[in-house]
Structure formats: C-alpha cells, structure tokens
Amino acid sequence: MMTIRDDHALAADLATEAGELLLRIRERTGFADPKALKAEGDRGSHVHLMEALARLRPSDSVLSEEATREERLDPRRLGADRVWIVDPLDGTREFSEEGRSDWAVHVALWEGGRLAAGAVALPAQGRTLTTADPPKLPAHDRGRFRIAVSRTRPPEFVQKLAAAAGADLVPIGSAGAKISAVLTGEVEAYVHAGGQYEWDSAAPVAVALAAGAHASRIDGSELVYNQADPSLPDILVSLPELATSLLAGIRDLHR
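Residues numbered from 1 in each chain as written. Predicted model: local features only at pLDDT ≥ 70, side-chain atom pairs only at ≥ 80, totals over all residues. Heavy atoms only, no water.

## A word on unusual backbone geometry
Moving on, step 1. Positive phi, normally seen in glycine, also occurs at Asn226, with a value near 60 degrees.
Moving on, step 2. Locating Asn226 in the fold gives a position in the loop between strand E9 (214–216) and strand E10 (234–238). (Helix = DSSP H or I, 4+ residues; strand = E, 2+ residues; numbered from the N terminus.)

Written as structure tokens, this is what we have:
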C-alpha cells in the first residue's frame, strides 16, 4: 500500500511533468493558430496524465476535464475510495497567448471524502505548489488588499464587494493561477461565482488548505468533491484573517 507521502509526491511529479510537456508543445506548435495550440495542449497533457495514473495507480479512479461525458458519469467513480481529480490544462486561453504565464496543471487526490493531496504546476513560471511542501502564507498588514478575478468576466458582485471592502481587483487567467496568487502573495483573496467544475479548484484548494488558507463556497459552506454532478460554481479562497469579513460582505450583497 502506498503512503500518503507518496501521493503528495506523485501529484507534484505528475503536474510538473505535464507542465514540462505543455511547454514543449507551446514551443513546437507556436502561437500562429491558437485553436490548434489549445487542442494539442489539452490532448497531450490529458493523455500523459491518464497513462501515468493508469500505470502508477491502476486501482484508482480519475475525473478529468478532458474525459468524455461517459467517463465522467462512470458510476464506479462515485463508489471509489480514491479518485484523482485533474485538469490537464487550466487556462487554455492564456496557454495559447504568447508571453502569458497565468495557466496551470492541476492534479489532486480525493480520498475518504476529502482532498488528501494535490499539486498545481505553473509551468511558465517555473514552479509547482504542492501539499508535499505547502507554501508559507504571506503576512497581511490589514490595510488595502487585492482580489483576483477573471480577466474576461469578473462577476459584478465581486466588483461591488471590492468597492465596499476597499480592495483592488487584479485580473489573472486560470483558476489555478488565481488561487496560487493568494498563496504566493500576489493577491490576498480570490472570489468567483459564475460557473466552475471540480477540476478547476480541487488541486489548488488542496494546496491552499494545506498551507492554512481559507477555502469555501461563497456562502461559507464546505467545498465538496467527487459528486455525481461535477459542477462547483462558486468559491472563496483567501488569507484566513480576511475570510470572515469577505463572507459577511458577500452575504450583504446577496440579501
């Protein structure tokens, strides 16, 4: 039987390896045809991760963004004790844009009803954040703070929340890059409501929780994974000292 430590290391290794593959695909394919680059990146990383998990964890189930609908609905996943939740390429738009580094690879393990291990590779930034060695959360001086939001579709209520809380909005690409930015001190919070799935947040949330950050739904309830419907539409990740005031502000805006 493999140990938990082995799962942490495996998540980190797989995310990093897939990220290195994506960098090679980016270099080989170029940026002249973004649609072709996105397709090649999604396919190449998915195949790499699925083959590696089939070889290294053959008895585990996998939920991947790039899986077919039939594979996602496989009832064996819902009855499994261990499920890897992966996003082979989080932020395909940013991946296809030359010079952008705010895209990621997510590899998480759900076991016994909770996220047990995870890693987020940020290949173009040359780093992988992992539960094997969680990042140390930056200190916050309780002054003005920053909230990461979507580059293209920041929720209107987040703009109102920032105005009420005295925060600045920072557009960042993928969900993994946004949550990672909380953990590395580029922002202090990430708030999203408008549609996501389990693979968008499982790995970065695993790392965030291991680091001691706050992570929940925007109503404060727990983020729950390995559900029949993988939709997980909203999320709040923040430094712990900001969570109470952000949740209160969100509640006020939704009354």
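## A short note on the UniProt feature "binding site: Mg(2+) 2" (unreviewed entry) in the protein chain
Moving on, step 1. When the UniProt feature table is mapped to this numbering, "binding site: Mg(2+) 2" (unreviewed entry) covers Asp90.
Moving on, step 2. Counting through the fold element by element, Asp90 comes out in strand E2 (residues 82–90).
Moving on, step 3. Using a relative accessible area of 4% as the deciding quantity, one classes Asp90 as buried.
Moving on, step 4. In contact with Asp90, other than residues within four places in its own chain, are Trp103, Ala104, His106, Ser174, Ala175, Gly176, Ala177 and Asp200. (UniProt positions renumbered as here; feature names shortened; annotations may be inferred. Buried < 20%, exposed > 50% of the residue type's maximum accessible area, 1.4 Å probe, protein only. Contact = heavy atoms within 4.5 Å.)

## Thoughts on the sheet that holds strand E1 (residues 61–64)
Moving on, step 1. With mixed pairing, the five strands of this open sheet are ordered in space as E1-E2-E3-E4-E5. Because the sheet does not close on itself, it has two edges, and the strands there are E1 and strand E5 (127–130). Taking the axes of each pair of neighbouring strands and ignoring which way they run, one obtains an average angle of 15 degrees across the sheet.
Moving on, step 2. As judged from the seven bridges shared by strand E3 (residues 104–111) and strand E4 (residues 114–122), these two strands associate in the antiparallel manner. What sits directly across from Ala108, in E4, is Gly118. (Pairing = 2+ DSSP bridges. Axes fitted to C-alpha atoms, helices over the stretch in contact; angles between N-to-C directions.)

## Things to note about the UniProt feature "binding site: Mg(2+) 1" (unreviewed entry) in the protein chain
Moving on, step 1. Residues annotated by UniProt as "binding site: Mg(2+) 1" (unreviewed entry) correspond here to Glu65, Asp87, Leu89 and Asp200. A maximum C-alpha distance of 9.7 Å is found for the annotated residues, which run over 136 residues; spatially they form one tight group. Considered against the largest pocket, the annotated residues that line it turn out to be Glu65, Asp87, Leu89 and Asp200.
Moving on, step 2. What makes Asp87 buried here is its relative accessible area of 1%.
Moving on, step 3. Not counting residues within four places of it along the chain, the set of residues in contact with Asp87 comprises Glu65, Val105, His106, Trp199 and Asp200.
Moving on, step 4. For Asp200, the location among the structural elements is in helix H8 (residues 198–211). (1 Å grid on protein atoms, 1.4 Å probe; cavity = no way out; pocket = protein on both sides within 12 Å on 5 of 7 lines; lining within 4 Å.)

## As for the nonpolar core
Moving on, step 1. If you look at the biggest cluster of nonpolar residues, it comprises 38 residues, and the most contacted ones within it are Ile85, Leu183, Val205 and Tyr225.
Moving on, step 2. Looking at this core, the elements that each hand over two or more residues are E2, E3, E4, helix H7 (175–184), H8 and E10.
Moving on, step 3. In terms of residue count, H8 provides more of this core than any other element does, eight residues in total.
Moving on, step 4. Each of domain 1 (7–130) and domain 2 (145–254) accounts for three or more of the residues forming this core.
Moving on, step 5. When sequence neighbours within four positions are dropped, the list of residues in contact with Leu183 reads Leu129, Pro135, Lys136, Leu137, Pro138, Val207, Ala208, Ala211 and Ala213.
Moving on, step 6. If you look at the next biggest cluster of nonpolar residues, it comprises 25 residues, including Ala12, Leu14, Trp84 and Val107. (Core = buried A, V, L, I, M, F, W, Y, C linked by side-chain atoms within 4.5 Å. Domains from an automatic or database assignment.)

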